[in-house]
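Coordinates in review
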Amino acid sequence: MEQKGINNRYTAAPVLILSLSMLFSSVGWILNAGGVVLPLILSVAVVMIFGLIRDRRLFFAALLSVVLTVIACGFAAKIKDMSYDGMYFHKSAVHALANGWNPLQESFSDFDRFGNLQDLPLWMDNYPKGVWAAYAAVYKLTGQIEAAKGINLLFLLMVFFSAYDMIKTVFFKKGFMGIMLAAVLAANPVILSQYFTFMNDLPVAALILVCACLGIKIYAKKADRWDYLTLTAAFAASFGVKFTAPVFCGITLLAYGVAVGIKSRGKELLKPCISVAVAAVIGVCALGADPY
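Residues numbered from 1 in each chain as written. Predicted model: local features only at pLDDT ≥ 70, side-chain atom pairs only at ≥ 80, totals over all residues. Heavy atoms only, no water.

Let's talk about the overall build of the protein chain
Put simply, the rule reads: Helix numbers and strand numbers start at the N terminus; a helix is a DSSP run of H or I with at least 4 residues, a strand a run of E with at least 2. The globule rule used for comparison is 2.2 Å times the number of residues to the exponent 0.38, while the radius of gyration itself is calculated over C-alpha atoms. Any two residues whose heavy atoms approach within 4.5 Å are treated as being in contact. Residue-level accessible areas treat just the shown protein chains as cover; the underlying method is Shrake-Rupley with a 1.4 Å probe. In this tally, Lys and Arg are treated as positive and Asp and Glu as negative; His is ignored, and so are the chain termini. For the purpose of locating charges, the reference atoms are NZ of Lys, CZ of Arg, CG of Asp and CD of Glu.
Across its full length, the protein chain carries 14 helices and zero strands. Moving toward the C terminus, one meets the helices and strands of the protein chain in the order α-α-α-α-α-α-α-α-α-α-α-α-α-α. Radius of gyration (C-alpha) of the protein chain: 19 Å, near the 19 Å computed for a compact globule of 292 residues. Here the C-alpha coordinates of the protein chain stretch approximately 55 × 40 × 40 Å along the principal axes. In the protein chain, once contacts between residues fewer than 6 apart in sequence are set aside, the share between residues at least 24 apart is 75%. Just so you have it, the protein chain exposes about 13300 Å², and 69% of that area is on carbon and sulfur atoms. Taking the average place of the 24 positive charges on the side chains of the protein chain and the average place of its 16 negative ones, the gap between the two points comes to 14 Å.

This is how it looks when you write it as structure tokens:
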């Protein structure tokens, strides 16, 4: 039975936009095609066109995500990231990627004449660069590096909508109560404290929560093909955020996998296991082509 109102397409839209932008950025680096703007534009276009053709709810969910993110970029441009890691190597990476650095072709120390200062290559060369690429695209489009933090809204949206959809379909809490509970999960201390920074504990926390919400739906037998697609995209995206992201997401999914296995005596593990395995391969070989 199809859901009315806010549904799992609203979770799928920001997750797919983010994961596809990471994928297209990696393909560009592999082909040495250069540029970070086109991957982000392509990811938005693919999701919206697919939505227009196959599911209008996905189209409107993607449109909402894009509009709100553009507004968020405007606000983010007014607030300077004063975090230590943000000013140390995150902004340096965003600036370098926006200005043509291809991490698969050269070390940061070769790209920037000041690249050896403060051991920057240690972080720049070896860190997953998926989120950095998305930030760099916004920086290139706007000319303001602080505006790039508006991308963080995509993570907030995916947590809010995944939580609301799970609360609505599993616990049957709708309306004000469902919105308030989802808002509490989305406005957690990690996201709130790092929202106006380039630090990447925010996307890690967001993807863990998305995986947890989807795990609850799978356990409750409420998951459909959109949930499995979103799960695959979210877990794959974790490989492009931080080394610990797929570890924590994987542990979260493993816990739900054990619960599902005990509940169904192993009969309902095939689909979630395939989703996670496919996501891991895509995450390592494609979205995380650099550094994996």
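There is more to say, and it comes next.
Observations regarding the environment of Phe 161
Along the chain, Phe 161 falls in helix 8 (residues 152-170). Distance in space between the C-alpha atoms of Phe 161 and Arg 9 is 8.8 Å, their sequence separation being 152 residues. What Phe 161 contacts, discounting residues up to four positions off in sequence, is Ile 6, Tyr 10, Thr 11 and Leu 64.

Focus on a nonpolar patch on the surface
For clarity, the threshold we go by: Residues enter patches when their relative accessible area tops 30% and they take part in no salt bridge; the joining distance is 9 Å for like charges and 5 Å for the nonpolar side chains Val, Leu, Ile, Met, Phe, Trp and Tyr. Put simply, a salt bridge is a Lys or Arg side-chain nitrogen that is within 4 Å of an Asp or Glu carboxyl oxygen. A 1.4 Å probe rolled over the protein chains alone gives each residue an accessible area, and that area as a share of the maximum for its type sets the label: buried under 20%, exposed over 50%, partly exposed in between.
Judged by side-chain polarity, Phe 60, Leu 63, Leu 64, Val 67, Leu 68, Ile 71, Phe 75, Ile 79 and Phe 196 come together as a nonpolar surface patch covering roughly 750 Å² of accessible area. Accessibility expressed as a relative area gives 30% for Phe 196, which makes it partly exposed.

Regarding helix 7 (residues 130-142)
Our working definition: For a helix, the expected span equals 1.5 Å multiplied by the residue count minus one.
Compared with an ideal rise of 1.5 Å per residue, which puts 13 residues at 18 Å, helix 7 spans 19 Å between its outermost C-alpha atoms and is within 8% of the ideal. Counting buried positions over the 13 residues of helix 7 gives 10, a clear majority of the element. If you check which residues of helix 7 are buried, you get Gly 130, Val 131, Trp 132, Ala 133, Ala 134, Tyr 135, Ala 136, Ala 137, Val 138 and Tyr 139. Here the buried face of helix 7 lies against helix 1 (9-30), helix 2 (37-54), helix 3 (56-76), helix 4 (84-98), helix 6 (120-124) and helix 8. Taken from the residues just after helix 7, Gly 143 is the one with a positive phi, measuring 80 degrees.

Here we look at the packing of aromatic side chains
To keep it simple, the criterion reads: Only Phe, Tyr and Trp rings are paired, with Trp represented by its six-membered ring, and only when their centres lie within 6.5 Å; those with planes under 30 degrees apart are stacked, over 60 edge-to-face, the remainder tilted. Here, a charge over a ring is recorded when the distance from Lys NZ or Arg CZ to the ring centre is within 6 Å and its angle to the ring normal is within 35 degrees.
One pass over the structure, following the stated rule, counts 19 aromatic pairs. An angle of 55 degrees between the planes, with centres 6.3 Å apart, marks the rings of Trp 123 and Tyr 127 as tilted. Taking relative accessible area as the criterion, Tyr 127 reaches 9% and is therefore assigned buried. Ring plane angle 65 degrees and centroid distance 6.4 Å describe the contact between Tyr 127 and Phe 243, whose orientation is recorded as edge-to-face. Residue Tyr 127 is found in the loop between helix 6 and helix 7, and its partner Phe 243 is found in the loop between helix 12 (225-238) and helix 13 (244-264); the two are separated by 116 residues along the sequence. Overall, the relative accessible area of 40% leaves Phe 243 in the partly exposed class. Within the aromatic cluster, the residues linked to one another by ring pairs are Tyr 84, Tyr 88, Phe 89, Trp 123, Tyr 127, Trp 132, Phe 235, Phe 239, Phe 243 and Tyr 292. The side chain of Lys 263 reaches across the aromatic face of Tyr 219, ending 4.3 Å from its centre.

A look at the side chain of Thr 69
Looking at where Thr 69 falls in the secondary structure, it is placed in helix 3. Discounting chain neighbours no more than four positions away, the residues touching Thr 69 are Gly 150, Ile 151, Leu 153 and Leu 154.

Some points on unusual backbone geometry
Backbone torsion omega between Asp 290 and Pro 291 reads 15 degrees, so that peptide bond is classified as cis. Within the secondary structure layout, Pro 291 lies in the segment after helix 14 (270-287). Of note in the backbone geometry, Lys 221 takes a positive phi value of approximately 60 degrees without being a glycine. Here Lys 221 shows up in the loop between helix 11 (201-219) and helix 12. What makes Lys 221 exposed here is its relative accessible area of 54%. Despite not being glycine, Arg 265 shows a phi value in the positive range, around 60 degrees.

Comments concerning the pattern of salt bridges
Applying the stated criterion across every chain yields a total of nine salt bridges. Across the pair Glu 146 and Lys 91 runs a salt bridge whose closest N-O atoms are separated by 2.4 Å. Placement of Glu 146 in the loop between helix 7 and helix 8 and of Lys 91 in helix 4 is noted, with a sequence separation of 55 residues between them. Lys 91 shares its class with Glu 146; the two are buried. A salt bridge links Lys 242 to Asp 201, with the shortest nitrogen-to-oxygen separation between them at 2.9 Å. Taken together, the residues Lys 242 in the loop between helix 12 and helix 13 and Asp 201 in helix 11 connect sequence positions 41 residues apart.

All quantities given are derived from atomic positions and should not be read as evidence of function.
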